[in-house]
Amino acid sequence: MDSRARRTLANLKAYQPGTSIQEARRQVKRSKIIKLASNENPLGMSPKAKQAVRAALGSLHRYPDATCRTLRLKLAKQLKVQPEGLVFGNGSDEVLTLAMKAFLEPGDEVLVAYPAFLIYELQAQAHGAAFRRVPLKDYRYDLPAMRAAINSKTKLVFIANPDNPTGTYVTRAELEAFLSDLPTHVLVVMDEAYYEFVTAKDYPQTLDYVGTRKVLITRSFSKAYGLAGLRVGYGVAHPEIAAALEVAREPFNVNSLAQAAAAAALDDRAFLKATLALMREGRWYLERELKALQLLPIPGSTNFVLVDCGSQAAQVVQGLFQRGVIVRGMRAWHLEHCFRVSIGTMPENRRFIKELKAVLAHGS
Ligand SMILES: Cc1ncc(COP(=O)(O)O)c(C=O)c1O
């Protein structure tokens, strides 16, 4: 790294995303490559969103609406929240980063679980903050231990609910115990990128806690709504918290196509329903097949499955790759014995299982 860069960046490594289909094509000679590595929507995007993108193409010489007014009003109505409590970002990733920009002072600490979504640690460090890790317990957040780890320097706590890469969730009772008598200098960021996939009755509806000013909720249009390539996500918080993020936000951070697509996607209940039904069917199928192969799928509530397959995990990831199936190795998370597979269309899920069987049988 250039010696003039900020010293806090010197020991950081840029985030490594899942291998793209184009990159895999360069590396393996397979006519059909499938990517099950980045938890994208295998059905694509909603037809209504696609239509809205086409209609918006004619106005691309104009700057986007800096306030995301149409999207804001529609979403506020749907969520029954105040429009001023919403903050839009270039993916929910940007909203997570805006929280750091808006709230971290020199000397502040960020509390995270480990392993969890890597962006929290990376961006905390990039913003000059120290982070403290609390290990997961049986692949789940250990909220009592996280509560005990809060100190006078803790400013932000990140809770992915459900979590990536495990897919597990914290319950309402666990979260309420965590939030009760929380010190007032702490803001809890509830990262709900996979919110739409959860069906559990004891999953917390965090919009109920916005009024307490203890939480900032982030959600994504990349997963259930299939708009990962357009980059749009949002935060929901008390308007005073949202106002701090708004000051830190670059005005035209959500492009016109993304705004139009997201607003239209909110109206496409049929597409959302089809996505959720496919994810349920896919999870049921994958869990059954993985168990039959003596592997251990971690029970999750997301559009992906974390699979414990012991010492052969790296070999399995590489073997699948050579056969044209991209899944995510978990070395960066220190879960060397696992890999993560996104739930695909049913033909993709069947192809994954077929190739997995071949890899397990032949060793590559
Ligand atoms: C837990 C979690 N949070 C946030 C994101 C960011 O999603 P996006 O920026 O596409 O909204 C992801 C993406 O994979 C994720 O897994």
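Residues numbered from 1 in each chain as written. Predicted model: local features only at pLDDT ≥ 70, side-chain atom pairs only at ≥ 80, totals over all residues. Heavy atoms only, no water.

## Quick look at the site of the ligand
Lining the immediate surroundings of the ligand are Gly91, Ser92, Asp93, Phe117, Asn164, Asp191, Ala193, Tyr194, Ser220, Ser222, Lys223 and Arg231. For the ligand, an oxygen atom lies 2.7 Å from a polar atom in the side chain of Ser220. Isolated, the ligand exposes 400 Å² of accessible area, and the fraction of that covered by the protein chains is 93%. If you map the ligand onto the pockets, it falls in the second largest pocket. (Near = heavy atom within 4 Å. Polar contact = N/O pair within 3.5 Å; in protein donor to acceptor, adjacent residues only side chain to side chain. Areas by Shrake-Rupley, 256 points an atom, 1.4 Å probe, with all protein chains shown as cover. 1 Å grid on protein atoms, 1.4 Å probe; cavity = no way out; pocket = protein on both sides within 12 Å on 5 of 7 lines; lining within 4 Å. Sits in = over half its atoms within 2 Å of the grid points.)

## Quick notes on the packing of helix H2 (residues 47–56) against helix H9 (residues 256–267)
Relative to each other, H2 and H9 sit at 150°, their axes nearing to 8 Å. When the interaxial angle is binned, H2 and H9 end up roughly antiparallel. Read as a crossing pair, H2 and H9 show a hand that is right-handed. Residues Lys48, Ala49, Ala52, Val53 and Ala56 of H2 pack against Leu257, Ala260, Ala261, Ala264, Ala265 and Asp267 of H9. Among the residues forming the contact of H2 with H9, the class breakdown is nine nonpolar, no polar and two charged. (Axes fitted to C-alpha atoms, helices over the stretch in contact; angles between N-to-C directions. Helix = DSSP H or I, 4+ residues; strand = E, 2+ residues; numbered from the N terminus. Parallel < 35°, antiparallel > 145°, perpendicular 65-115°, else oblique. Left-handed = near helix turned anticlockwise from the far one by under 90°. Contact = heavy atoms within 4.5 Å. Nonpolar A, V, L, I, M, F, W, Y, C, P; charged D, E, K, R; others polar.)

## A look at the sheet that holds strand S3 (residues 109–114)
Spatially, S2-S8-S7-S6-S5-S3-S4 is the arrangement adopted by the seven strands of the open sheet, whose pairing is mixed. A strand with exactly one partner marks an edge of an open sheet, and here the two such strands are strand S2 (86–89) and strand S4 (130–135). Here the average twist between neighbouring strands, direction ignored, is 20°. Pairing of strand S5 (residues 154–160) with strand S6 (residues 187–191) involves five bridges; the strand directions are parallel. By the bridge assignment for S6, Phe158 is matched with Val189. Contacts from helix H5 (residues 119–126) reach S3, S4, S5 and S6 within the one sheet, and its direction differs from that of S3 by about 160°. (Pairing = 2+ DSSP bridges.)

## Quick notes on the pattern of salt bridges
Enumeration according to the criterion identifies 18 salt bridges in this entry. Lys35 serves as the salt-bridge partner of Glu40, at 3.0 Å between the closest nitrogen and oxygen. Judged by its relative accessible area of 32%, Glu40 is partly exposed. Close ionic contact of Glu121 with Arg133 constitutes a salt bridge, the shortest N to O distance being 2.7 Å. Residue Glu121 is found in helix H5, and its partner Arg133 is found in strand S4; the two are separated by 12 residues along the sequence. (Salt bridge = Lys/Arg side-chain N within 4 Å of Asp/Glu carboxyl O. Buried < 20%, exposed > 50% of the residue type's maximum accessible area, 1.4 Å probe, protein only.)

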